[in-house]
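# Remarks on the overall topology
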Amino acid sequence: MRPVNAEITEIIRETPTIITLRTDIELDAAPGQFVMVWVRGLDEIPMALSHPGSITVQRVGEATEALSRLEVGDSIGIRGPFGNGFEVKGEGRGDGDGGGGGNGEEYGDEKGNKIMVIAGGVGGAPLLPLAQQAQSLGLDVTILIGARTADELLFEEYFSKCGAFSVATDDGSKGHHGFITGAMDQFNLAGFDQFYICGPELMMKSVLDILQAAGLEAMAQLSLHRYFKCGIGVCGACTIDPSGLRVCRDGPVFSGDLLIKSELGKYHRDATGKKIMF
Amino acid sequence: MSSTDLSIELTGLGLENPIILAAGVLGTTGTSLKRMAGEGAGAVVTKSIGSEPKEGHPNPTMLKLDCGFLNAMGLPNPSYKDFRKELSIASEGGVPVIASVFGAHPDEFQEIILGLEGASAYELNVSCPHASGYGTVVGTDPVLVEEITRAAKRTTDVPVWVKLTPNVTDIVEIGEAASRGGADAVVAINTVRSMAIDIHSGYPILGNLYGGLSGPAVRPVAVKCVYDLYKALDIPVIGVGGIGSWQDAVEMMMAGASAVQVGSAVYDNVNIFSEITSGLSAYLKANDHCLDDITGLAHRKVEQ
Ligand SMILES: Cc1cc2nc3c(=O)[nH]c(=O)nc-3n(C[C@H](O)[C@H](O)[C@H](O)COP(=O)(O)OP(=O)(O)OC[C@H]3O[C@@H](n4cnc5c(N)ncnc54)[C@H](O)[C@@H]3O)c2cc1C
Ligand SMILES: Cc1cc2nc3c(=O)[nH]c(=O)nc-3n(C[C@H](O)[C@H](O)[C@H](O)COP(=O)(O)O)c2cc1C
Ligand code: FES
């Protein structure tokens, strides 16, 4: 597809580094799917949909900086939605077998009903529509969000309306003082049927390690970030080792048991295809 | 397989089937190439590799259009020094791995081939910009193509294939140059120069402004190039451009292809290789043909 023209209708300042751009288009996308956002004449980058017509952008470099400078009435090009998105088990569209972990039996009755959403930083963007969908399906939702500092907590207000809600900040300015993994201690993890995770890679790796220690890695769904070029599964820029799966097409959401045996947390590749260690 | 045997000998390489992964498509890493081997490709060609790391053109780098695909990746690659490891991982896939290499002059091709030792064959991508002078590519200059091919042949004992660009007046002239240089096969075609413009803004969509067309739109162009090359050359022609089904593969073979490559069609289905081989095999069986019967059949019909 050619990029669709999307006009900015509203700009919401979420945190000192993150804004949401609302546009005049609406895409029929599953939570966790992404779009390729074209800043004309500059670059095209992947962005999750935080709402059917919105993207939520953290300023990190040239293209995100340019997006942050846009004004209402400006427009961008959008291709998508692409990728697989999260699977909401309660909805019954999965394979039904989330019970790879050891404790599946005990909670068999409510399988898929109790979920934990773990968002680090701008990782909250694809997880907000997931949490909202899960809540509307009547699932029991627990949300953990983390950021460097209180000001950077994303979508606190929206997330807190979706279920039980806790916060962690690295500097202790709000909620649990320390990494989000520390805030997981207060929960009986085996009581959850599914975990949805997105955030900085090393945070995702630590969360997955904790889940693995509890035998729960197969119940985790993580949204991965790799360098995208084509975004449609042809060029091969975004493939991960050792499966050779394409993050843009077979992902960006992968199950924890696949990722535990992958390059996750070890390395990613830059635009040339060269490995960059974390 | 109970169906017809599709194994071929191509420039001295043994392939279990003649459906090959094309250069630059899912060929950036060893494990991705291995995955395509697992999906049934008879051989795999790597992303084109150069002498220095290259990020490629800015995004957008690829678009799906109604008629095909437009891309301007800009030959992103980590350089042969870094790609060596990927090549050896790719070899675990159990099918021949052809290293696609690009450079601006004969010495550069030699350096990269030496640096990527261990490939089953080398495919020379002569479609990159000329070292001296802008706007032309190496592959449009028959003298340079011959020199590069000869240099590559001197550098390695394994087969050397030369991949041709259709963006020339007469592709046969370039094919003949490659053949004189000692090429073991020619591969045709690379993408067809093209462009798309965003009507909302007037901006060319690709980061590089223009790029190359692939997919269904270019198949008739490729069929004609393969037809002409088969007629003129004594070395095998490998057909590529818009192949997405066994019928497309049969057509390309009838034009003269000894084997075919599949690129853009992985968009629809990465299992495309098995799909084409099983269709091809059933077709040959139903018609009591072997692959040799169909390669160049169109020429024999015309001569009759
Ligand atoms: C599936 C997916 C969903 C994403 N969703 C969001 C989101 O909702 N909100 C958000 O703020 N960010 C999101 N990102 C990250 C976002 O794409 C990068 O932050 C952005 O591309 C940075 O571009 P830049 O020009 O500002 O930075 P640059 O200075 O160009 O690069 C900074 C870093 O950004 C990354 N990056 C640059 N270009 C690309 C590219 N083409 N593909 C992938 N990564 C790139 C690289 O890791 C690079 O090191 C997502 C990434 C992916 C893969
Ligand atoms: C995304 C993409 C990247 C490509 N990269 C290369 C490359 O690095 N080297 C090369 O020789 N050809 C490259 N090609 C061209 C293909 O190998 C092939 O010749 C062309 O796409 C026509 O075949 P198709 O229609 O099956 O895709 C690329 C094509 C695409 C679509
Ligand atoms: S970005 Fe091209 S295959 Fe994923």
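The rules we used
Residues numbered from 1 in each chain as written. Chains lettered and ligands numbered in written order. Predicted model: local features only at pLDDT ≥ 70, side-chain atom pairs only at ≥ 80, totals over all residues. Heavy atoms only, no water. 1 Å grid on protein atoms, 1.4 Å probe; cavity = no way out; pocket = protein on both sides within 12 Å on 5 of 7 lines; lining within 4 Å. Points joined across faces, edges and corners; volume = space filled by probe spheres on them. Nonpolar A, V, L, I, M, F, W, Y, C, P; charged D, E, K, R; others polar. Near = heavy atom within 4 Å. Polar contact = N/O pair within 3.5 Å; in protein donor to acceptor, adjacent residues only side chain to side chain. Areas by Shrake-Rupley, 256 points an atom, 1.4 Å probe, with all protein chains shown as cover. Pairing = 2+ DSSP bridges. Helix = DSSP H or I, 4+ residues; strand = E, 2+ residues; numbered from the N terminus. Contact = heavy atoms within 4.5 Å. Axes fitted to C-alpha atoms, helices over the stretch in contact; angles between N-to-C directions. Domains from an automatic or database assignment. Salt bridge = Lys/Arg side-chain N within 4 Å of Asp/Glu carboxyl O.

## Some points on empty space enclosed by the protein
- Summed over all chains, the structure comprises 2 cavities of 30 Å³ or more.
- Computed from the structure, the largest cavity encloses a volume of approximately 90 Å³.
- As for the largest cavity, its lining consists of A:Lys229, A:Cys235, A:Ala237, A:Asp270, A:Ala271, A:Thr272, A:Gly273, B:Gly24, B:Thr28, B:Lys47, B:Met73 and B:Pro76.
- A per-class count over the lining of the largest cavity returns 5 nonpolar, 4 polar and 3 charged.
- Together, A:Thr23, A:Ile25, A:Leu27, A:Val35, A:Leu49, A:Pro52, A:Gly53, A:Ser54, A:Ile55 and A:Ile78 line the second largest cavity.

## Overview of the site of ligand 2
All names here are of chain B.
- Neighbouring ligand 2 are 23 residues; Ser-48, Lys-163, Gly-215, Gly-242 and Ser-264 lie closest to it.
- Lys-47 places a side-chain nitrogen or oxygen 3.0 Å from an oxygen atom of ligand 2.
- Within the backbone of Ile-189, a nitrogen or oxygen atom sits 2.9 Å from an oxygen atom of ligand 2.
- For ligand 2, whose free accessible area comes to 610 Å², the fraction covered by protein is 97%.
- Class assignment for the residues of the shell around ligand 2 results in 9 nonpolar, 12 polar and 2 charged.

## A short note on the sheet that holds strand β13 (residues 253-255) of chain A
Residue and element names in this part refer to chain A.
- Strand order across the open sheet formed by 7 strands is β10-β9-β8-β7-β11-β12-β13, with mixed pairing between neighbours. The open sheet has two edge strands, β10 (176-177) and β13, and neither has a second partner.
- Pairing of strand β11 (residues 194-198) with strand β12 (residues 220-223) involves 3 bridges; the strand directions are parallel. Paired with Tyr-196 across the strands is Gln-221, a residue of β12.
- Those strands touched by helix α2 (residues 124-136) are β7 (114-120), β8 (140-147) and β11, and its axis lies near 160° from that of β7.

## With respect to the domain arrangement of chain A
Residue and element names in this part refer to chain A.
- Along its sequence, chain A is carved into domain 1 (4-82) and domain 2 (110-277).
- Using C-alpha coordinates to define each centre, domain 1 is positioned 21 Å away from domain 2.
- Where domain 1 packs against domain 2, one counts 0 salt bridges.
- Linking domain 1 to domain 2 there are 3 residue pairs in polar contact (both at pLDDT 80 or more).
- If you list the elements that add at least two residues to the side of domain 1 that touches domain 2, you get β2 (18-23), β3 (34-39), β4 (43-48), β5 (54-58) and β6 (75-82).

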